[in-house]
Amino acid sequence: NAGVMQNPRHLVRRRGQEARLRCSPMKGHSHVYWYRQLPEEGLKFMVYLQKENIIDESGMPKERFSAEFPKEGPSILRIQQVVRGDSAAYFCASSRSAGQRNYGYTFGSGTRLTVV
Amino acid sequence: GESVGLHLPTLSVQEGDNSIINCAYSNSASDYFIWYKQESGKGPQFIIDIRSNMDKRQGQRVTVLLNKTVKHLSLQIAATQPGDSAVYFCAEAEVSGGSYIPTFGRGTSLIVHP
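Residues numbered from 1 in each chain as written. Chains lettered and ligands numbered in written order. Predicted model: local features only at pLDDT ≥ 70, side-chain atom pairs only at ≥ 80, totals over all residues. Heavy atoms only, no water.

Trainee: Got a sec to walk through the overall build of chain B? Specific residues and values, please.
Mentor: A tally of helices and strands in chain B yields 0 helices and 11 strands. Relative to a compact globule of 114 residues, whose C-alpha radius of gyration would be 13 Å, chain B shows 14 Å and is just as compact. Principal-axis analysis of the C-alpha atoms gives chain B an extent of 45 × 30 × 25 Å. The buried share among the 114 residues of chain B stands at 44%. Across chain B, contacts joining residues at least 24 apart in sequence account for 54% of those joining residues at least 6 apart. Counting only carbon and sulfur atoms, one obtains 46% of the accessible surface of chain B, whose full area is about 5,400 Å². The positive charge centre, built from 9 side chains, and the negative charge centre, built from 10, are 2 Å apart in chain B. (Helix = DSSP H or I, 4+ residues; strand = E, 2+ residues; numbered from the N terminus. Rg over C-alpha atoms; globule rule 2.2 N^0.38 Å. Buried < 20%, exposed > 50% of the residue type's maximum accessible area, 1.4 Å probe, protein only. Contact = heavy atoms within 4.5 Å. Areas by Shrake-Rupley, 256 points an atom, 1.4 Å probe, with all protein chains shown as cover. Lys, Arg positive; Asp, Glu negative; His and termini not counted. Charge placed at Lys NZ, Arg CZ, Asp CG, Glu CD.)

Here it is, written out as structure tokens:
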């Protein structure tokens, strides 16, 4: 079991460009969560998705940010027209479907986005 | 608003000592609490969890204590080792239908001196 895979590990974008972050959940996991972490801070929830559905996007900025989890393929977090304030580590986590006793999330190693 | 916070941002201990990391929470509706360990350049790693119907849970070298009366959570690490050096986060959540979204505190950096 390869765990939660995120790529790229590091991403550098110029202001105004688009950033695409990918997350492949663990095998058997159908719930995906995206978090953002600024330096020396905790993780802030952004969005929660199941296959083809956004369940909770209360933590997503209203503009420039979007997320999807298609029927086939990884979940994508997309940031359009990046600004320097978007520089952060973005983590993806996955979990099993509802009803499982083990509630533990599994996190990926993150994508570190740097906007120059 | 409701939040999860930590009393100490940095904790330094000697190898072999016991470590205690504290956390305060304010959302009285939270019924599930988790401790995570994050090493440099890595994602958070689940350590131990506890439901609100318990006040203590033990794992391998780690113990989590929950005091709902004062909304306090602690993580105890026995015989701390250099490999325990990391940032530790507590998180709280309300479990609904088996799913939950944890709210993370800021974190405590644990430094273990050999």
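Structure's up, so let's keep going.
Trainee: Explain the pattern of salt bridges residue by residue, including any values.
Mentor: Any two side chains of opposite charge can pair, so long as their charged atoms come close to each other. Residue and element names in this part refer to chain A. Counting across every chain of the model gives 6 salt bridges over all chains. Here Arg20 ties to Glu18 by a salt bridge, and the two come within 2.9 Å at their closest N and O atoms. Given the relative accessible area of 28%, Glu18 is considered partly exposed. When salt bridges with common partners are traced through the structure, they connect Glu18, Arg20 and Arg78 into a single cluster. (Salt bridge = Lys/Arg side-chain N within 4 Å of Asp/Glu carboxyl O.)

Trainee: Account for the interface of chain A and chain B, naming residues and giving values.
Mentor: Note: interface size is frequently given as the accessible area lost on complex formation between the parts. Listed by partner, the interface residues are 22 residues for chain A and 20 residues for chain B. Summed over both partners, the interface of chain A with chain B buries about 1,700 Å², with 55% contributed by carbon and sulfur atoms. Here chain A is connected to chain B by 0 salt bridges. Taken together, the links from chain A to chain B amount to 5 residue pairs in polar contact (both at pLDDT 80 or more). Elements with a minimum of two residues in the side of chain A that touches chain B: β4 (31-37) and β5 (43-50) of chain A. Broken down by element, the residue count for the side of chain A that touches chain B peaks at 4 residues, all from β4(A). Across the side of chain A that touches chain B, the residue classes break down as 10 nonpolar, 7 polar and 5 charged. (Buried area = accessible area lost by both parts, 1.4 Å probe. Polar contact = N/O pair within 3.5 Å; in protein donor to acceptor, adjacent residues only side chain to side chain. Nonpolar A, V, L, I, M, F, W, Y, C, P; charged D, E, K, R; others polar.)

Trainee: Would you mind going over the state of the cysteines in detail, with residue names and values included?
Mentor: Residues and elements named next belong to chain B. For the structure on display, the rule yields 2 disulfides over all chains. The partner cysteine of Cys23 in its disulfide is Cys90, sulfur to sulfur 1.8 Å. Disulfide Cys23-Cys90: the torsion about the S-S bond is 50 degrees, which places it as right-handed. Of this pair, Cys23 sits in strand β3 (residues 19-25) while Cys90 sits in strand β9 (residues 86-93), placing them 67 residues apart in sequence. Across the pair, Cys90 and Cys23 agree in class, each one buried. (Disulfide = S-S within 2.5 Å.)

Trainee: Kindly report on the side chain of Thr111(A), identifying the contributing residues and their values.
Mentor: Residue and element names in this part refer to chain A. Residue position: Thr111 is located in strand β11 (residues 111-115). One polar contact links the side chain of Thr111 to the main-chain carbonyl oxygen of Pro8, over a distance of 2.5 Å. When neighbours within four sequence positions are excluded, Thr111 is seen to be in contact with Gln6, Asn7, Pro8, Arg9, Leu11, Leu21, Ala88, Ala89 and Tyr90.

Trainee: Describe the sheet that holds strand β8 (residues 75-79) of chain A, listing the residues and the values that go with them.
Mentor: Residues and elements named next belong to chain A. Spatial ordering of the open sheet is given by β1-β3-β8-β7, a layout of 4 strands whose pairing is antiparallel. Every interior strand has two partners, whereas the edge strands, β1 (5-7) and β7 (65-68), have only one. Neighbour-to-neighbour, the strand axes of the sheet open up by a mean angle of 15 degrees, direction not taken into account. Strand direction decides the pairing type here: β7 and β8, joined by 4 bridges, are antiparallel. Counterpart to Ala67 in the pairing with β8 is Leu77. (Pairing = 2+ DSSP bridges. Axes fitted to C-alpha atoms, helices over the stretch in contact; angles between N-to-C directions.)

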